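# Inside the fold
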Amino acid sequence: NAGVTQTPKFRVLKTGQSMTLLCAQDMNHEYMYWYRQDPGMGLRLIHYSVGEGTTAKGEVPDGYNVSRLKKQNFLLGLESAAPSQTSVYFCATRRVGGRGETQYFGPGTRLLVL
Amino acid sequence: AQSVAQPEDQVNVAEGNPLTVKCTYSVSGNPYLFWYVQYPNRGLQFLLKYITGDNLVKGSYGFEAEFNKSQTSFHLKKPSALVSDSALYFCAVRDSLYNQGGKLIFGQGTELSVKP
């Protein structure tokens, strides 16, 4: 099993360009999350989904959009990239339930916006 | 508001010595606590968690953590550090299920450096 995969691994954008980050999971988890990691700030939630066809805003949603058309995929879009969106982006899934509760993370996407 | 604090940005340890990475938390209700490790240019790997039960939790790679309810702490420990343990460590607490899908709230991370 691949677990959680992310594409691309690294991308350089110019200000104003758009792109889509893809997260895929093979664990059949309902919950999926997009976090961004910035130095000294830990990880912060951008958007999340509690199941196929649903999405909701997290702590720092501005400038991002998401879609969950299929249970296994969670897409993060940047319509008009800004330098402030330079970050490392992590997708995660959540195994729900009591003692099994855990979140599993993908390898990350490094994004540089010039 | 729920929060996690890792008071040390960096911890330096000699190989073979015990290590501790500190974490304190503030939550309402029973805490779900986690430790993750991040090696350079890699994703977060799950180390261990406290949900309920014994206060001493054992995890991957010989790590353990002690849950202390009165001190609201969940310190990560290892009896004998290895150079390969050098990495960035994150403590996290699960938010309320009714707040943003039970997201994880992370500390800012502690850089562990183990010297030979």
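Residues numbered from 1 in each chain as written. Chains lettered and ligands numbered in written order. Predicted model: local features only at pLDDT ≥ 70, side-chain atom pairs only at ≥ 80, totals over all residues. Heavy atoms only, no water.

## Points about the overall build of chain A
Check the secondary structure of chain A and you find zero helices and eleven strands. The order of helices and strands in chain A, counted from the N terminus, is β-β-β-β-β-β-β-β-β-β-β. For 114 residues, the compact-globule estimate of 2.2 N^0.38 gives 13 Å, and chain A sits close to it at 14 Å. C-alpha atoms of chain A, sized along the principal axes, occupy 45 × 30 × 25 Å. For chain A, the proportion of its 114 residues judged to be buried stands at 47%. Taking contacts inside chain A between residues at least 6 apart in sequence as the whole, the part at least 24 apart equals 54%. By element, 53% of the accessible surface of chain A is carried by carbon and sulfur atoms, the whole surface being about 5,300 Å². (Helix = DSSP H or I, 4+ residues; strand = E, 2+ residues; numbered from the N terminus. Rg over C-alpha atoms; globule rule 2.2 N^0.38 Å. Buried < 20%, exposed > 50% of the residue type's maximum accessible area, 1.4 Å probe, protein only. Contact = heavy atoms within 4.5 Å. Areas by Shrake-Rupley, 256 points an atom, 1.4 Å probe, with all protein chains shown as cover.)

## Description of the pattern of salt bridges
Considering all chains together, one arrives at nine salt bridges over all chains under this definition. Of the charged contacts, one joins A:K71 and A:E30 as a salt bridge, the two residues approaching to 3.0 Å between their closest N and O atoms. Note that A:K71 is positioned in the loop between strand 7 (64-67) and strand 8 (73-78) and A:E30 in the loop between strand 3 (19-25) and strand 4 (31-37), a separation of 41 residues in sequence. The salt bridge involving A:E101 is made with B:R94; its shortest N-O contact spans 3.3 Å. Taken together, the positions of A:E101 in the loop between strand 9 (87-95) and strand 10 (102-105) and B:R94 in strand 10 (residues 87-94) put the pair across two chains. Both residues of the pair, A:E101 and B:R94, belong to the buried class. A single network of salt bridges, built from pairs that share partners, joins A:R36, A:D38 and A:R44. (Salt bridge = Lys/Arg side-chain N within 4 Å of Asp/Glu carboxyl O.)

## Some points on the pairing of strand 8 of chain A
Residue and element names in this part refer to chain A. Most of strand 8 sits out of view: five of its six residues are buried. Relative to strand 8, strand 3 runs antiparallel, the two sharing six bridges. Across the sheet, L21 pairs through a bridge with L76, a residue of strand 8. Where strand 7 meets strand 8, four bridges bridge the pair, whose relative direction is antiparallel. Bridge pairing links N65 to G77 in strand 8. (Pairing = 2+ DSSP bridges.)

All quantities given are derived from atomic positions and should not be read as evidence of function.
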